[in-house]
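Read off the chains here:
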Amino acid sequence: MMMSGGWRMVPMDMNMPMLPGLEGAVPVVGPFMPGTMIDPATLPEARPSLVVPLSNMDTLDISVSMVRRTIAGHEMIMFGYNGQYPGPLIQAPQNATIIVRVKNEIEMPTTIHWHGIRIDNRFDGVPGLTQEAIGRDETFTYEVRVPDAGMYWYHPHVREDVQQDLGLYGNLLVTSPDPNYYGPAHREEIFVLDDILIDDQGALPWGEESPTHALMGRFGNVMMVNGKTDHQMEVRQGEVVRFHLTNVANSRTFNVTFGNAAMKVVASDVSRFEREQLVTSIVIAPAERYVVDVRFDKPGEVAIANTIQAINHFRGEFYPHVDTLSLVTVSDQNADSEVSMAFETLREHSDVVREVRPLREHFGREPDHELVTTVRVQNLHQSIVLSMESDTLYAAPMEWNDAMPMMNWLSTADEVTWILEDVTTGAQNDEIDWSFQVGDIVKMRIHNKPDSFHPMNHPIHIHGQRFLVASIDGVENQNLVWKDTAILPVGSTMDVLVEMSNPGEWMMHCHIAEHLHAGMMFSFTVNDQAP
Amino acid sequence: MLQILALLGTIGAFDYSVTSSPAETKAHEIIPTHIELCTVGPQYYAFELVTTKNIPGTGLATGQVQASVSGNSPFSVQLAPDGSYAYDLHVSLQRMRAPLQGNLVAWVTTTEIDRIERMGTLDANLQASGRVSWNKYIVVVTLESSDDPHQEQWAGPIVMRGMSRSGMMHTMVGHGALQEENCAAYGYGN
């Protein structure tokens with residue numbers, strides 16, 4: 001439905017009626033759509049991602065450009081890295097340095113942030129902190145040294161809520177020289193998880209001057225795996241598939257299930273776990289990665305799904321909701337049984353155990369810094385304020401769905417400020433001024449205040465360093481893994497141990513794109529020499 | 001007074017007696033000097049247990065339920081296969097006497113009471129632990145004649161009960177801007 005200012009009405013779940021007083025309301029910012037004066041037919045059709053193996057000091061050229069894509073039957077102008085969705089899957093050996101020359105051909109300035117890589121600070125891709133944004137027709141050359149094996153990803157650090165949502169993301173797989181780094185598997189699959197918000201005309205416009213959906217982040221209503229809405233795969237009975245999962249969505253945390261197939265979690269952001277562990281699902285927040293081995297034991301069809309308990313605020317209830325992400329056909333042809341049997345063994349990664357052991361002595365000590373997360377609103381529509389304030393008796397640990405589509409859409413970064421606050425100094429967001437030395441083990445305690453105007457889970461991301469989640473709510477983590485992003489549920493207190501190993505000016509922020517642009521970020525300094 | 005207690009004693013599934021002997025009373029009383037607060041788990045999702053006053057010695061009783069994510073979870077939250085939240089629960093009671101007969105047993109049930117699971121018998125410190133994987137739930141402590149771990153539902157009188165914080169998520173109408181629902185009626189502290 002067309003509304004004033006070129007906006008279209010946000011898609012609504014008819015079970016959740018619009019609040020009185022919001023009829024005809026639109027965000028206070030203008031709408032943005034890419035390439036509004038361009039005929040999509042003149043643009044190249046985007047292609048699926050290609051694998052690009054690189055060796056030490058190899059160079060890759062990446063162009064950031066407009067592409068034509070069709071999603072759920074809608075032809076749209078979107079963005080792409082080298083015309084691909086997702087961007088090229090870059091493979092590089094551990095400790096290599098790769099050169100990536102980026103040319104910006106879109107209408108917005110951009111950068112590339114190499115998410116999770118303990119990279120040379122100059123190439124971290126943060127405009128105003130480590131580089132100037134790359135203007136239209138300008139180039140920037142990144143030197144990306146990859147010290148840690150695992151799955152990483154790259155994306156813009158300029159208006160992620162728009163550019164990332166329009167397709168600017170890709171994976172960087174750093175391979176270990178150890179052929180037994182992971183256990184046996186028959187094959188590997190890359191799963192880039194995303195969602196997009198569309199109506200009967202295609203993608204809903206984004207905010208021009210600042211993001212819409214500032215309260216909860218922009219949830220999509222169409223799910224995608226590797227940019228496809230109809231992802232399918234075929235496996236043999238007993239086949240062990242290693243899935244590399246990356247969540248590139250703006251705000252959605254997925255709970256990925258694999259039917260009744262046996263699954264074990266092997267690795268996450270920056271390392272393997274101390275021990276492989278059987279699980280029934282993978283909870284993956286924006287920007288997180290997980291490596292999970294799945295064995296398909298029975299012939300038939302298995303739906304890989306996002307299996308959640310959504311919330312209907314108007315009815316005050318949880319309700320089950322399942323979105324199929326991919327359909328797996330399991331044939332009755334048997335896979336190699338030796339690999340199938342090896343799945344039963346839960347491997348311990350002794351090098352990870354050895355590496356994290358010295359940090360356990362820090363678990364019991366007082367934190368070096370304490371942060372709380374909260375939110376401040378100003379000039380929000382009165383109907384939104386009234387309904388939010390009257391619904392404050394319970395906030396769920398996680399927001400799995402957009403339970404208030406119109407209120408969320410109408411809230412912009414002009415009206416909503418998400419806050420990371422230093423408990424000791426009271427400094428908020430970019431007022432925070434922390435300085436560390438290389439070699440410091442810094443214990444941060446982060447509390448997600450449940451009594452704010454709109455409490456919500458936050459995937460906290462730290463640039464350029466790696467950290468351990470030591471505990472959640474005082475319960476020590478029994479199976480450690482090096483992370484760069486971790487979920488902080490509502491009401492929870494998370495202790496993290498950050499290993500300051502990489503000098504420079506680094507960001508720490510919420511990885512919900514709209515929260516980031518609504519202020520929830522700051523930078524800290526790591527010095528490589530004593531002052 | 002003893003007549004009233006005797007009358008209350010018939011409410012349960014079995015009879016029990018209350019002693020007036022000071023020595024015996026002391027042996028079975030557990031009255032801490034302070035009310036324990038939750039030390040593990042998010043304070044926000046902890047909730048109080050409220051006495052029914054049905055059982056002698058429980059008129060001043062207090063209780064708490066802590067809900068925490070297991071340290072074995074590789075994620076910051078813990079979910080059941082259907083996506084429901086799963087918590088490790090820890091029940092603790094204070095300011096009450098341990099029963100002379102029978103066992104205090106903690107249960108968890110859905111808000112519709114259509115599913116019930118036995119958490120376990122409270123120990124000498126009036127504590128018990130268990131797990132739950134329902135989004136809204138009620139914790140109930142009952143006085144049972146049996147200590148059968150396979151008992152499917154309670155048979156004795158309810159001693160304490162409380163609803164998970166998620167149970168406070170009612171309709172927006174129920175918590176409208178001009179309306180204040182009496183949540184104490186549901187067993188909440190406020």
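Residues numbered from 1 in each chain as written. Chains lettered and ligands numbered in written order. Predicted model: local features only at pLDDT ≥ 70, side-chain atom pairs only at ≥ 80, totals over all residues. Heavy atoms only, no water.

1. Looking at the packing of aromatic side chains
Okay, so step 1: Summed over the entire model, instances satisfying the criterion amount to 22 aromatic pairs over all chains.
Okay, so step 2: A ring pair is formed by Phe140(A) and Tyr142(A), whose centres lie 4.6 Å apart and whose planes are at 55°; its orientation type is tilted.
Okay, so step 3: Residue Tyr142(A) is classed as buried on the basis of its relative accessible area, which comes to 0%.
Okay, so step 4: Members of the aromatic cluster, connected to one another through ring pairs, are Phe318(A), Tyr394(A), Tyr44(B), Tyr45(B), Tyr85(B) and Tyr87(B).
Okay, so step 5: In this arrangement the basic side chain of Lys264(A) is found over the ring face of Phe343(A), its NZ or CZ atom lying 4.9 Å from the centre.
Okay, so step 6: Over the aromatic face of Tyr181(A) sits the side chain of Arg272(A), whose NZ or CZ is 3.9 Å from the ring centroid. (Phe/Tyr/Trp six-rings, centres within 6.5 Å; stacked < 30°, edge-to-face > 60°. Buried < 20%, exposed > 50% of the residue type's maximum accessible area, 1.4 Å probe, protein only. Lys NZ or Arg CZ within 6 Å of the ring centre and 35° of its normal.)

2. Overview of the domain arrangement of chain A
Residues and elements named next belong to chain A.
Okay, so step 1: Domain assignment breaks chain A into domain 1 (33-175), domain 2 (187-348) and domain 3 (357-527).
Okay, so step 2: Distance from the C-alpha centre of domain 1 to the C-alpha centre of domain 3: 26 Å.
Okay, so step 3: Facing the 21 residues of domain 1 at the interface are 22 residues of domain 3.
Okay, so step 4: Both faces considered, domain 1 and domain 3 share a buried interface measuring about 1,400 Å² in area, 56% of it formed by carbon and sulfur atoms.
Okay, so step 5: Of all residues in domain 1, Arg-118, Asn-121 and Leu-129 bury the most surface against domain 3, accounting for 38% of the area lost on that side. (Domains from an automatic or database assignment. Contact = heavy atoms within 4.5 Å. Buried area = accessible area lost by both parts, 1.4 Å probe.)

3. Some points on the interface of chain A and chain B
Okay, so step 1: Facing 46 residues of chain A, the contacting portion of chain B comprises 35 residues.
Okay, so step 2: Carbon and sulfur atoms supply 64% of the area buried between chain A and chain B, which totals about 3,500 Å² over both sides.
Okay, so step 3: Where chain A touches chain B, the interface holds zero salt bridges.
Okay, so step 4: Scanning the region where chain A abuts chain B turns up 10 residue pairs in polar contact (both at pLDDT 80 or more).
Okay, so step 5: Looking at the side of chain A that touches chain B, the elements with two or more residues in it are strand 20 (254-258), strand 22 (272-279), strand 23 (282-284), strand 25 (300-312), strand 26 (317-334), helix 4 (382-389) and strand 33 (475-476) of chain A.
Okay, so step 6: With four residues, the single largest contributor to the side of chain A that touches chain B is strand 25 of chain A.
Okay, so step 7: When its residues are assigned to classes, the side of chain A that touches chain B shows 24 nonpolar, 17 polar and five charged. (Salt bridge = Lys/Arg side-chain N within 4 Å of Asp/Glu carboxyl O. Polar contact = N/O pair within 3.5 Å; in protein donor to acceptor, adjacent residues only side chain to side chain. Helix = DSSP H or I, 4+ residues; strand = E, 2+ residues; numbered from the N terminus. Nonpolar A, V, L, I, M, F, W, Y, C, P; charged D, E, K, R; others polar.)

4. Re the sheet that holds strand 26 of chain A
Residues and elements named next belong to chain A.
Okay, so step 1: Strand order in the open sheet formed by five strands is 18-26-25-20-23, with mixed pairing between adjacent strands. Lying at the two open borders of the sheet, with one neighbouring strand each, are strand 18 (231-237) and strand 23. Between one strand and the next, the sheet's axes are offset by a mean angle of 30°, whatever the strand orientation.
Okay, so step 2: Note that strand 25 and strand 26 share 13 bridges and pair antiparallel. Looking across to strand 26, one finds that Thr-307 is bridged to Val-322. (Pairing = 2+ DSSP bridges. Axes fitted to C-alpha atoms, helices over the stretch in contact; angles between N-to-C directions.)

5. Some thoughts on the sheet that holds strand 33 of chain A
Residue and element names in this part refer to chain A.
Okay, so step 1: The mixed open sheet is built from six strands, whose spatial order is 28-27-30-35-32-33. For this open sheet the edge positions go to strand 28 (416-422) and strand 33, each flanked by a neighbour on one side alone.
Okay, so step 2: Two strands pair when backbone bridges link them, and strand 32 (residues 466-472) and strand 33 are joined in this way by two bridges, in the antiparallel orientation. In the strand pairing of strand 33, Ile-472 is matched with Val-475.

6. Observations regarding the nonpolar core
Okay, so step 1: Counting 116 residues, the largest nonpolar core has Trp114(A), Val144(A), Leu172(A) and Phe524(A) as its most contacted members.
Okay, so step 2: With six residues, strand 4 (residues 59-71) of chain A is the largest single contributor of residues to this core.
Okay, so step 3: In contact with Trp114(A), not counting residues within four places along its chain, are Ile90(A), Val100(A), Ile119(A), Phe123(A), Asp124(A), Tyr142(A), Val144(A), Trp153(A), Tyr154(A) and Leu172(A).
Okay, so step 4: Membership of the second largest hydrophobic core comes to 79 residues, among which are Met263(A), Ala61(B), Ala67(B) and Met96(B). (Core = buried A, V, L, I, M, F, W, Y, C linked by side-chain atoms within 4.5 Å.)

7. Some thoughts on helix 4 of chain A
The periodicity of an α-helix, 3.6 residues per turn, causes residues three or four positions apart to be oriented the same way.
Okay, so step 1: Taken residue by residue, helix 4 of chain A has Ser383(A), Ile384(A), Val385(A), Ser387(A) and Met388(A) as its buried positions.
Okay, so step 2: For helix 4 of chain A, the secondary structure elements touched by its buried residues are helix 5 (405-410) of chain A.

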